[in-house]
Amino acid sequence: MCKFIGIEDLAANALIELLDASAPMRKVTFRQLIDYGNVVIKILNDESLSAVAIYSKDRTESLIRNYSDFFDVNFDEETISLCEGKTAEDLRIHFRSMLTIDWLLAFRNKLALKVLGIK
Amino acid sequence: MKRIKDPIYGYIEIDDDAVKIIDTASFQRLRNIVQTSYVSLYPASHHNRFIHSLGVYHLGKKAIRTLLRSFKCKPYGFTDDELNKYVRLFEFACLLHDVGHAPFSHTGENFYFQANSNLKELLCDCVKDKAFEETVFAKNSIVKQAAAHEMMSAIVAINTFPRIFRNKKDKEFFARCITGYLYNSVDKKYKILDCIIQLLNSSIIDMDRLDYVIRDAQTIGFNNVAIDIERLISGICIIERDNNILLGYDKSALSVIENVIFAHDSEKKWIQNHPTILYEHNILQHGMRCINRDYSKLFTYQALTQEGIAVEIKRELDGTIVNDNRHIALVADNDITYIMKYDYSDDLLIGEYFSREKRRHPIWKSEAEYRALFDSDLGEEKLALLESSFSSLEKFIEDLHVFPCPIINNETLALVEQQEKEFKEKEKLGLISDKDSKLVSNHLKWIRLLQNIANENGIPFNFVIVTANKFQSGFIKPDLDKLYIDFPNLGLSRPIKKVSTILTASKDREQFFYLFCYAKEGVKLNRVKIADMIKAELFTTD
């Protein structure tokens, strides 16, 4: 069964890990998200969990419309930042709680975290 | 030249080259792709992508001819031959902009990404232009990627109608028109081409949106706003400011632009967000997920062609795995409903598509009822928590079952309890944090509450959650800053946001949810009591 992963799912899970890291970061670049997404998708597909990343201007519009209190998209700097006042716990409740264990492990896989610069 | 009668535009004139395209199997397929998912609520809304494509072609021809008036004063470096070429390609793009649409339009669209994992590569292989490839694979493509149906339409059109194109630059422009990928060049000629592209593909107003807003309203019978198409199109102009060249509209078109946004807002708010329509969409998506799992290649590019493709089928039937092969070509809505009817007749959710008698009903019947039940009693924080909890739960249970099953019942409860055990095991191994581990407990809390609600109200413990986007007006779209209105009598132009006195919607929570359940004869649901039970759960301490 195929799961569709949107940019908001990638951004949220990447930022959770970046915030929990030893040197917390509140920003992730588009490049990092693409690479992170590619690794996560590969891990899931290797586990026979069919997954597809959906990047589209409609999805971005949806991210901006539905989650503008969480994310700030800077098209010039090509980054997505966590808005002031929001925490990793907020991201967990809103974006991570939908993940079953296999999916969560993929988002937290060492190879995926390496792409984000987390050791 | 042919003339086709149309209820909106009177007559649509189609030149001979376009007639040859329309007569092909690839274009005729669009007669079997519904334009909207509204038929469950508005039985008359049976219009399809075929007539919509003709409508966009008609509007596109008018729009480009208006824009060409600007070139009489200033050629912008184009020769007459060049202009004619781009006009012709633009008109074909309008006609073919939806030729690759998935069955049931946007419901099936995301399956294109799964079935064609290299959709962007396929697109670039058709166009074979380096500049286009750089645009498609740019870093910002993660946020500005074309929709799946746009990419597939460009692929189908370029491969099926090669005679339209003389060279790869023709294909590039055509593909950019359909996908909305702009040149974003400093060269003035390319800025003009970007203006032409935006006539068909823009985030605020374009000929595609104009046709479907008007056509949807008319077929539904929801004509609440008058849209003066002639006034709007005659206002199209090119604006030069700050060394930039932009597509804009004359001040005379401002009222019509506002009306288009109002009309689209109405459609989003009262129709797209209606629980009946959302539920049917949910059933169809479930059906397509089942089909996509068992029918490999059904959503591939090849399945859209006249040649078609052999599709392998692997599914469970009465406890055994059945292997079969079918040849599918020009896949359309009727193929999906055929497969759903005959291959998934024992799936309860799919069964609801064919019989209303068996269908679940929403406990609250509109966003307004939802707000009446929940908004006033809960603070912003608790409301956000409630909405997030149900939205997450809806997505969490989708992945639990071996086969897709978005239903909350005893089986789901057992699976979530199993997940809780697995989370705790992984936490002990240090693979996940305790914070992540606790998230599942929240799902169990809500599932057990729903079980309790079912028991107290004498209805089956069998619920479906459907998350819906809360209404947000098109008037607060950030891209409105980029839509310019020209005041030639004042010698200036301004973004529409600065000159329109429209009210903007207040910033509010973005998503809410519907809860569907089976009705039981003789049982009248106490909706207020159910809402009170849900609200009370938010204030219980763990």
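Going by the structure above, here's the rest.
Quick caveat, the model's predicted, so the values are computed rather than measured.

Each value, and the rule that gives it
- Residues numbered from 1 in each chain as written.
- Chains lettered and ligands numbered in written order.
- Predicted model: local features only at pLDDT ≥ 70, side-chain atom pairs only at ≥ 80, totals over all residues.
- Heavy atoms only, no water.
- Helix = DSSP H or I, 4+ residues; strand = E, 2+ residues; numbered from the N terminus.
- Rg over C-alpha atoms; globule rule 2.2 N^0.38 Å.
- Buried < 20%, exposed > 50% of the residue type's maximum accessible area, 1.4 Å probe, protein only.
- Contact = heavy atoms within 4.5 Å.
- Areas by Shrake-Rupley, 256 points an atom, 1.4 Å probe, with all protein chains shown as cover.
- Buried area = accessible area lost by both parts, 1.4 Å probe.
- Salt bridge = Lys/Arg side-chain N within 4 Å of Asp/Glu carboxyl O.
- Polar contact = N/O pair within 3.5 Å; in protein donor to acceptor, adjacent residues only side chain to side chain.
- Nonpolar A, V, L, I, M, F, W, Y, C, P; charged D, E, K, R; others polar.
- Axes fitted to C-alpha atoms, helices over the stretch in contact; angles between N-to-C directions.
- Parallel < 35°, antiparallel > 145°, perpendicular 65-115°, else oblique.
- Left-handed = near helix turned anticlockwise from the far one by under 90°.
- Pairing = 2+ DSSP bridges.
- Phe/Tyr/Trp six-rings, centres within 6.5 Å; stacked < 30°, edge-to-face > 60°.
- Lys NZ or Arg CZ within 6 Å of the ring centre and 35° of its normal.
- Disulfide = S-S within 2.5 Å.

Engineer: Got a minute to help me understand the overall build of chain A in this structure?
Structural biologist: A count of helices and strands for chain A gives 6 helices and 5 strands. Reading the secondary structure of chain A in the N-to-C direction produces β-α-β-α-β-α-β-β-α-α-α. Taking 2.2 N^0.38 as the reference for a compact globule, 119 residues should give roughly 14 Å; the C-alpha atoms of chain A span a radius of gyration of 13 Å, in line with that estimate. Taking the principal axes of its C-alpha atoms as reference, chain A extends roughly 35 × 35 × 25 Å. Looking at chain A as a whole, 61% of its 119 residues are labelled buried. In chain A, the share of contacts with a sequence separation of at least 24, taken over all contacts with a separation of at least 6, comes to 69%. Surface summary for chain A: the accessible area is close to 4900 Å², and the carbon and sulfur share equals 51%.

Engineer: Hey, could you run me through the interface of chain B and chain A in this one?
Structural biologist: If you look at the interface, chain B gives 50 residues, while chain A gives 41 residues. Summed over both partners, the interface of chain B with chain A comes to about 4200 Å²; 59% of that surface belongs to carbon and sulfur atoms. Looking at the side of chain B facing chain A, the largest losses of area belong to Lys-139, Ile-142 and Val-143 of chain B, adding up to 17% of the total buried there. On the surface where chain B and chain A come into contact, there are 2 salt bridges. Of the charged contacts in the structure, one is a salt bridge between Arg-92 of chain A and Asp-436 of chain B, with a shortest N-O distance of 2.6 Å. There are 9 residue pairs in polar contact (both at pLDDT 80 or more) connecting chain B and chain A. It is helix H19 (residues 380-398) of chain B that provides the largest number of residues to the side of chain B that touches chain A, a total of 7 residues. Counted by class, the side of chain B that touches chain A contains 16 nonpolar, 18 polar and 16 charged residues.

Engineer: Sorry if this is basic, but what is going on with the pattern of salt bridges here?
Structural biologist: Where charged atoms of side chains with opposite charge meet at close range, the side chains can pair. Residue and element names in this part refer to chain B. Tallied over the full model, the rule gives 35 salt bridges over all chains. In this structure, Arg-371 engages Glu-367 in a salt bridge whose closest nitrogen and oxygen atoms are separated by 3.2 Å. Within this pair, Arg-371 and its partner Glu-367 are both found in helix H18 (residues 367-375), separated by 4 residues, close to a single helical turn. Classification of Arg-371 by relative accessible area gives partly exposed; the value is 26%. Look at Glu-367 and you get buried, because its relative accessible area is 13%. In this structure, the salt-bridge partner of Asp-375 is Arg-371, at a minimum N-O distance of 3.1 Å. Note that Asp-375 and Arg-371 are positioned in helix H18 at a spacing of 4 residues, about one turn of the helix.

Engineer: Is there a simple way to think about the packing of helix H4 (residues 80-96) of chain B against helix H11 (residues 188-200) of chain B in this case?
Structural biologist: Axis angle and axis distance: for two packed helices, these are the angle between their axes and the distance between the axes, and together they describe the pair. All names here are of chain B. Following both chains from N to C, one finds H4 and H11 inclined at 25 degrees, their axes separated by 10 Å at the closest point. One finds that H4 runs roughly parallel with respect to H11. The two elements H4 and H11 meet at a crossing, and its hand is right-handed. From H4, Glu-82, Tyr-86, Phe-90, Ala-93 and Cys-94 reach across to H11, where they touch Lys-189, Leu-193, Ile-196, Leu-199 and Leu-200. Residues of the contact of H4 with H11, tallied by class, amount to 8 nonpolar, no polar and 2 charged.

Engineer: Got a minute to help me understand the sheet that holds strand S5 (residues 79-82) of chain A in this structure?
Structural biologist: Working definition: the strands of a sheet are paired by backbone hydrogen bonds and lie parallel or antiparallel to each other. All names here are of chain A. Within the open sheet, the 3 strands sit side by side as S2-S5-S4. Their pairing is antiparallel. Unpaired on one side and paired on the other, strand S2 (27-29) and strand S4 (71-74) mark the two borders of the sheet. Recorded for the sheet is a direction-independent mean angle of 20 degrees between the axes of neighbouring strands. In this sheet, S5 lies alongside S2 in antiparallel orientation, the contact comprising 3 bridges. Within S5, the position partnered with Val-28 by the bridge is Ile-80. Sitting on the sheet, helix H1 (residues 7-20) is in contact with S2, S4 and S5, with an inclination near 60 degrees to S5.

Engineer: Quick question: what am I supposed to make of unusual backbone geometry here?
Structural biologist: Trans is the common state for peptide bonds, and a negative phi is the common state for residues other than glycine. A positive phi angle, close to 55 degrees, is found at Phe-104 of chain B, a residue other than glycine. Relative to the helices and strands, Phe-104 of chain B is located in the loop between H4 and helix H5 (111-115).

Engineer: How do you make sense of the packing of aromatic side chains when you look at a structure like this?
Structural biologist: The way to describe two aromatic rings as a pair is by their centre distance and the angle between their planes. Considering all chains together, one arrives at 27 aromatic pairs over all chains under this definition. Taking the centre distance of 4.8 Å and the plane angle of 50 degrees together, the rings of Tyr-338 of chain B and Tyr-342 of chain B count as tilted. Taken together, the residues span about one helical turn, with Tyr-338 of chain B and Tyr-342 of chain B both in helix H16 (residues 333-343) at a distance of 4 residues. A residue is classified by how much of its surface remains accessible, and Tyr-338 of chain B, at 45% relative accessible area, is partly exposed. Grouping aromatic residues by their ring pairs yields a cluster made of Tyr-279, Trp-364, Tyr-370, Phe-374, Phe-390, Trp-446, Phe-512, Phe-513, Tyr-514 and Phe-516 of chain B. When the ring centre of Phe-70 of chain A is taken as reference, the NZ or CZ atom of Lys-86 of chain A above it lies at 4.6 Å. Seen from the ring of Tyr-183 of chain B, Arg-176 of chain B lies directly overhead, with NZ or CZ sitting 4.3 Å from the centre.

Engineer: Teacher, can you tell me more about the side chain of Gln-419 of chain B here?
Structural biologist: Relative to the assigned elements, Gln-419 of chain B resides in helix H20 (residues 410-428). For Gln-419 of chain B, a relative accessible area of 8% corresponds to the buried category. If we ignore the near neighbours within four places in the chain, the residues touching Gln-419 of chain B are Thr-100 and Ile-101 of chain A together with Phe-396, Leu-400 and Val-440 of chain B.

Engineer: What's the story with the pairing of strand S9 (residues 463-469) of chain B in this structure? I'm lost.
Structural biologist: Both faces of the sheet carry side chains from a regular strand, because those side chains alternate between them. All names here are of chain B. Counting buried positions along S9 gives 6 out of 7 residues, so the element sits mostly inside the fold. Examined bridge by bridge, strand S8 (residues 407-408) and S9 share 2 bridges and lie antiparallel to one another. Looking across to S9, one finds that Ile-407 is bridged to Val-464. For S9 and strand S12 (residues 511-517), the ladder comprises 7 bridges, and the chain directions are antiparallel. Bridge pairing links Ile-465 to Leu-515 in S12.

Engineer: So what exactly am I meant to see when it comes to the state of the cysteines here?
Structural biologist: Cysteine pairs can be linked by a disulfide, which is a covalent bond between their two sulfur atoms. Residue and element names in this part refer to chain B. Applying the stated rule across the entire model yields 0 disulfides over all chains. Cys-124 takes part in no disulfide bond, and the closest cysteine sulfur, belonging to Cys-126, lies 9.0 Å away. Free of any disulfide, Cys-195 has its nearest cysteine sulfur in Cys-237, 9.4 Å distant. In this structure Cys-195 comes out as buried when scored by relative accessible area, which is 1%.

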